[in-house]
Amino acid sequence: MLQLKERSFYHVFKIHFKDVSRLPVGLPRVTFMAKHSHPMCVECDQVNTLCKVAKNESDVIYANERKKKHMLEMKEKFLQFCDRREQAVRFPEDFLHLNLDDIDQSKMKTPYALQKTKDSSGMLKLDNHCTGVIVTNGKFVNDRCLFAYLNNNQFCQDSNKTISIVFDVLLCVKEKLGFLPRKLLIQSDNCSRDLKNQLVLSFYWCLVEIGVFEEVVVSHLDVGHTHGEVDQMFSVMASHLRKKEMPTFEALCSELKKISIDSQPIIVKEMIYTTDFVKHIEEYLQPISGHKSFFAFKIRKENEKTKMFVKQ
């Protein structure tokens, strides 16, 4: 199949159908979507390359079989995620499900003006960070609660921030339900800050060790396949903010509080501090390696001893 870039396509289109800006009645209007900035899965990129450089039918069959196998693996992982989330709905006293991710920082900068002028285009903008959390449990209205945690650059975007957000979410759940379920299920982004580092895993280990939960299961999807509920929430937020003037950080928070998804408001919280959990725990940690190749971690007690299990 011949592939053309946007400029080449319009050139060919103009030769055959005259003026591109005024399409004859009956011809479809072609719209080129902007390229997204999300990274592509390594396996998907390799398979696409194999399809492009295939020289014979056997190469095409190999590439298609490899793609089919990869997509089946991704489908299986996604179904496992859906199953864990459904458990929190069907058995609310046993399971609590958290899904957390960060929004694209460029969509949250302030001040933001609808109409760019010469004066406003070169204006320095404040970097704002937003972390979205969807908490699923059958005891909630619509089976879930939506959280958005906002902050500037007053502290590092590191493990302490992730731990502080999870801790605050658990406090809110305890306040709303009056109890915490026996097992905690967490779906996070596939990055070192949110999951694949020893400090965040040690926090989940402590939750089991001191008896807050009987079991904690942490998982993620592969890079390029992680877009889900939280990204949908961010899309609704970005669409709303795109139409509003936001001169200050306070105006940004105010606009986010007006957003509702399926008639459910978003609980917006400004982060004014983070708990220094890292300083407390790092002196007790033992060095580990090789954990970045796993996609699921389970922490539970066996014979009165807290252990961590992994799945590749």
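As shown above, the structure is provided for reference.
All values reported here derive from a predicted model rather than from experimental measurement. (Residues numbered from 1 in each chain as written. Predicted model: local features only at pLDDT ≥ 70, side-chain atom pairs only at ≥ 80, totals over all residues. Heavy atoms only, no water.)

**Brief notes about the overall build of the protein**
- In terms of helices and strands, the protein carries nine helices and ten strands.
- Burial analysis of the protein (312 residues in total) assigns 38% to the buried set.
- Long-range pairs, those at least 24 residues apart, make up 70% of the contacts in the protein between residues at least 6 apart in sequence.
- Carbon and sulfur atoms form 53% of the exposed surface of the protein, whose accessible area is close to 19300 Å². (Helix = DSSP H or I, 4+ residues; strand = E, 2+ residues; numbered from the N terminus. Buried < 20%, exposed > 50% of the residue type's maximum accessible area, 1.4 Å probe, protein only. Contact = heavy atoms within 4.5 Å. Areas by Shrake-Rupley, 256 points an atom, 1.4 Å probe, with all protein chains shown as cover.)

**Re the side chain of Asn99**
- Among the secondary structure elements, Asn99 is positioned in strand β1 (residues 95-102).
- A relative accessible area of 8% means that Asn99 is categorised as buried.
- Setting aside residues up to four positions removed in sequence, Asn99 forms contacts with Phe81, Gly132, Val133, Ile134, Gln187, Glu229 and Val230.

**A closer look at the packing of aromatic side chains**
- The final tally for this structure, using the stated rule, is four aromatic pairs.
- Taking 5.8 Å as the distance between ring centres and 50 degrees as the angle between the ring planes, the aromatic pair formed by Phe78 and Phe81 counts as tilted. With a gap of three residues between them, Phe78 and Phe81 both fall in helix α3 (residues 57-90), about one helical turn apart.
- Ring geometry for Phe147 against Tyr149: centres 6.2 Å apart, planes inclined by 20 degrees, an arrangement best described as stacked.
- Among the aromatic residues, ring-to-ring pairing joins Phe203, Tyr204 and Phe277 into one connected group.
- Positioned above the aromatic ring of Phe309, the side-chain terminus of Arg300 is 5.0 Å from the ring centre. (Phe/Tyr/Trp six-rings, centres within 6.5 Å; stacked < 30°, edge-to-face > 60°. Lys NZ or Arg CZ within 6 Å of the ring centre and 35° of its normal.)

**Observations regarding the pattern of salt bridges**
- The full count for this structure, using the stated rule, is nine salt bridges.
- A salt bridge links Arg144 to Asp262; its shortest N-O distance comes to 3.6 Å. Of this pair, Arg144 sits in strand β3 (residues 144-151) while Asp262 is found in the loop between β6 (260-261) and β7 (264-265), placing the two residues 118 residues apart along the sequence.
- Of the residues examined, Arg144 reaches a relative accessible area of 15% and is grouped as buried.
- For the salt bridge of Arg300 with Glu302, the shortest nitrogen-to-oxygen distance reads 3.2 Å.
- Look at Arg300 and you get partly exposed, because its relative accessible area is 28%.
- For Glu302, a relative accessible area of 28% translates into the label partly exposed. (Salt bridge = Lys/Arg side-chain N within 4 Å of Asp/Glu carboxyl O.)

**Quick word on unusual backbone geometry**
- Looking along the chain, the bond that leaves Thr110 and enters Pro111 is cis, with omega of 0 degrees.
- Within the fold, Pro111 resides in the loop between β1 and α4 (118-121).
- Of note in the backbone geometry, Asn303 takes a positive phi value of approximately 55 degrees without being a glycine.
- As for its position among the elements, Asn303 is in the loop between β9 (296-302) and β10 (305-311).
- With phi around 65 degrees, Glu304 is a residue other than glycine that occupies positive phi space.
- As for its position among the elements, Glu304 is in the loop between β9 and β10.
- Residue Glu304 is classed as exposed on the basis of its relative accessible area of 73%.

The analysis is restricted to geometry; functional conclusions fall outside its scope.
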